[in-house]
Amino acid sequence: MRIRSITYFIHPRYPFSELLLRKAGIFTQHAKQNFEAAGYEVQTVRIATPPFPDYLHVDDFLRAGFQLEVLTHGEGFDYVSMGPATPDILASYQAIPQLLANSGNLFFSGMLTTPEKQISLPGVKACAQVIHQAAPLEENGFANLRFAALANVPPWGPFFPAAYHQGKAPAFALAIEAADLAVEAFSQANSLSQAQNLLIDAIESHAQKLEGLCQNLEKTYQVSFKGLDFSTAPFPTPSISIGNALEQLGLPAVGLAGSLAAATILMDALDRAHFKRTGFNGLMFPMLEDAIFSKRGAEGTLSIADFLLYSAVCGTGLDTIPLPGDASVGQIQAVLLDVAALSLRLDKPLTARLMPIPGKKPGDAIRFDFEYFANSKVLSLDAQPLRHLLDGDEQLRILPRNHS
């Protein structure tokens, strides 16, 4: 198990406060030293701001993005999330492709929903346009790695690109790469209940140790500790694969019948573990970041519909999904609308990080020179542009299923 990220949440003011950023850098470097001394590898340190339209004027978006990337790099941060574009300022979505083109370490997101639990049809379309425009910016559609569409996602989740801050007081949280805990627990178990209990014990053991370290940092620096996100993030090796963990339960292959049950069993264990939570704490299905998901996707066993189905019981949405390069705005919009509707109906956070691959068609092989990605094939996109009312400009309230 590794710490994927120490994520520091900050309101950087504007013009940016170099003093606040310096304090953030000091905190995260000290935190990293503490966690590493305790035996945990820390892969990255990251910083996340409130939604950038909340503290920047439209005319300052591009300039501020460049400035913030330079300043945070100087303080030792690997990546920066400037938070989501918001439906009340549609120009914020329109700025994101250029911001992505101008940087290599800035992450962004866009809201599909409003704080009032409404689907924003303009927001859905705007996110689809961002994904479409960002696809040709880098080889293999790689710029879309740094953008996600968000539905019903609260602040203080430490995983990028969904991370964003709220308020002015600083805070921090940990994103945990813990798929190996599930692989180990499930491979040792003699029953489903034992598999769950082994995973719960492993999570709680690490969580207790990490929480103690975090509470000491909180007290020393007066920086609020928001919690841990044990979303079983994978790495593209079988030993750190969520797909492998699920197949250890007895699935012939993830994507076949029984996969929904296996995902539910794993998610139930995550839910029953006791620790201070923030973010998703869900079962992640990032296709290109997981060795088994990438393999099953290439074999044709896993589809976009499968990933969305599993998100209904456990997941965090559609993540690092390779799409055909000719995917249209209208097709992407239709997929995002499904994500938004599912999120509000189930009252759970979901995201979509979709990656059209320029020049590639369904079934084409794709290879990446990136340690966090496995090679795979492009999935088919069974979608057509929406028409009439679904292609409108409403903001529609969706009540959760258990509403009374």
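Residues numbered from 1 in each chain as written. Predicted model: local features only at pLDDT ≥ 70, side-chain atom pairs only at ≥ 80, totals over all residues. Heavy atoms only, no water.

### Brief notes about the overall build of the protein chain
Reasoning step 1: Broken down by element type, the protein chain carries 12 helices and 13 strands.
Reasoning step 2: Since a compact globule built from 404 residues should have a radius of gyration of about 22 Å, the 20 Å found for the protein chain is in line with a globular shape.
Reasoning step 3: Overall, the C-alpha framework of the protein chain stretches about 60 × 55 × 50 Å when taken along its three principal axes.
Reasoning step 4: Out of the 404 residues belonging to the protein chain, those deemed buried represent 59%.
Reasoning step 5: Intrachain contacts of the protein chain at a sequence separation of at least 6 include 78% that bridge at least 24 residues. (Helix = DSSP H or I, 4+ residues; strand = E, 2+ residues; numbered from the N terminus. Rg over C-alpha atoms; globule rule 2.2 N^0.38 Å. Buried < 20%, exposed > 50% of the residue type's maximum accessible area, 1.4 Å probe, protein only. Contact = heavy atoms within 4.5 Å.)

### Details of the pairing of strand S10 (residues 350–357)
Reasoning step 1: Taking burial as the measure, the eight residues of S10 include eight buried ones, the bulk of the element.
Reasoning step 2: The two faces of S10 match: Leu 350, Ala 352, Leu 354 and Pro 356 on one face and Thr 351, Arg 353, Met 355 and Ile 357 on the other face are all buried.
Reasoning step 3: Direction of pairing for strand S6 (residues 147–151) relative to S10: antiparallel, over a ladder of three bridges. The partner of Ala 151 across the bridge, within S10, is Leu 350.
Reasoning step 4: Across seven bridges, the pairing between strand S9 (residues 317–324) and S10 is parallel. If you follow Leu 318 over to S10, its bridge partner there is Ala 352.
Reasoning step 5: For the crossover that starts at S9, traverses helix H12 (residues 329–346) and ends in the parallel S10, the hand is right-handed. (Pairing = 2+ DSSP bridges. Right-handed = clockwise from strand over helix to strand, strands pointing away.)

### Overview of helix H7 (residues 192–221)
Reasoning step 1: Compared with the 44 Å implied by 1.5 Å per residue over 30 residues, the 43 Å span of H7 between its first and last C-alpha is a close match.
Reasoning step 2: By the burial criterion, the buried members of H7 are Ala 195, Gln 196, Leu 199, Ile 200, Ile 203, Ala 207, Leu 210, Glu 211, Leu 213, Cys 214 and Leu 217. (Expected span 1.5 Å × (residues − 1).)

### Let's talk about the environment of Gln 395
Reasoning step 1: One can find Gln 395 in strand S13 (residues 395–397).
Reasoning step 2: Each residue touching Gln 395, except ones within four places of it in the same chain, is listed here: Pro 87, Thr 114, Gln 118, Ile 119 and Ser 120.
Reasoning step 3: At 3.4 Å, the side chain of Gln 395 and the side chain of Ser 120 are in polar contact. (Polar contact = N/O pair within 3.5 Å; in protein donor to acceptor, adjacent residues only side chain to side chain.)

### Quick word on helix H6 (residues 179–188)
Reasoning step 1: Along H6, seven of the 10 residues are buried, which leaves the element largely enclosed by surrounding structure.
Reasoning step 2: Along H6, the residues classified as buried are Ala 179, Asp 180, Leu 181, Ala 182, Val 183, Ala 185 and Phe 186.
Reasoning step 3: On its buried side, H6 packs onto strand S7 (171–177), H7, helix H8 (242–248) and helix H9 (259–272).

### Regarding the packing of helix H4 (residues 91–101) against helix H5 (residues 121–134)
Reasoning step 1: H5 packs onto H4 with a crossing angle of 20 degrees between their chain directions and a minimal axis gap of 9 Å. Taken together, H4 and H5 sit at an angle that is classed as roughly parallel. Of the two possible hands of crossing, H4 and H5 adopt the one that is right-handed. Between H4 and H5, the contacting residues are Tyr 93, Ile 96, Pro 97 and Leu 100 on the first element and Gly 123, Ala 126, Cys 127, Val 130, Gln 133 and Ala 134 on the second.
Reasoning step 2: For the contact of H4 with H5, the residue count by class is eight nonpolar, two polar and no charged. (Axes fitted to C-alpha atoms, helices over the stretch in contact; angles between N-to-C directions. Parallel < 35°, antiparallel > 145°, perpendicular 65-115°, else oblique. Left-handed = near helix turned anticlockwise from the far one by under 90°. Nonpolar A, V, L, I, M, F, W, Y, C, P; charged D, E, K, R; others polar.)

### Thoughts on the packing of H7 against H9
Reasoning step 1: Axis separation between H7 and H9 bottoms out at 9 Å; the angle between their running directions is 40 degrees. Accordingly, the angle class assigned to the pair H7 and H9 is oblique. The handedness of the crossing between H7 and H9 comes out as right-handed. The residues of H9 that touch H7, namely those facing Leu 192, Gln 196, Asn 197, Leu 199, Ile 200, Ile 203 and Glu 204, are Ile 265, Leu 266, Asp 268, Ala 269, Leu 270 and Arg 272.
Reasoning step 2: For the contact of H7 with H9, a count of residues per class yields eight nonpolar, two polar and three charged.

### Observations regarding a nonpolar patch on the surface
Reasoning step 1: A cluster of nonpolar residues, Leu 260, Leu 309 and Val 313, forms a patch on the protein surface that exposes about 210 Å² of accessible area.
Reasoning step 2: Note that Leu 309 resides in helix H11 (residues 304–311). (Patch = residues over 30% accessible without salt bridge, like charges linked within 9 Å, V, L, I, M, F, W, Y side chains within 5 Å. Areas by Shrake-Rupley, 256 points an atom, 1.4 Å probe, with all protein chains shown as cover. Salt bridge = Lys/Arg side-chain N within 4 Å of Asp/Glu carboxyl O.)

### Regarding the packing of aromatic side chains
Reasoning step 1: In the structure shown here, the tally under the stated rule is 21 aromatic pairs.
Reasoning step 2: Centre to centre, the rings of Phe 285 and Phe 307 are 6.1 Å apart; their planes meet at 70 degrees, and the pair counts as edge-to-face. With Phe 285 in the loop between H9 and helix H10 (291–299) and Phe 307 in helix H11, this pair connects stretches of sequence that are 22 residues apart. Phe 307 matches Phe 285 in its accessibility class, with the two residues each being buried.
Reasoning step 3: In this structure an aromatic cluster arises from ring pairing among Phe 142, Phe 235, Phe 368, Phe 370, Tyr 372 and Phe 373.
Reasoning step 4: Above the face of the Phe 160 ring, Arg 46 is positioned so that its terminal group lies 5.0 Å from the ring centre. (Phe/Tyr/Trp six-rings, centres within 6.5 Å; stacked < 30°, edge-to-face > 60°. Lys NZ or Arg CZ within 6 Å of the ring centre and 35° of its normal.)

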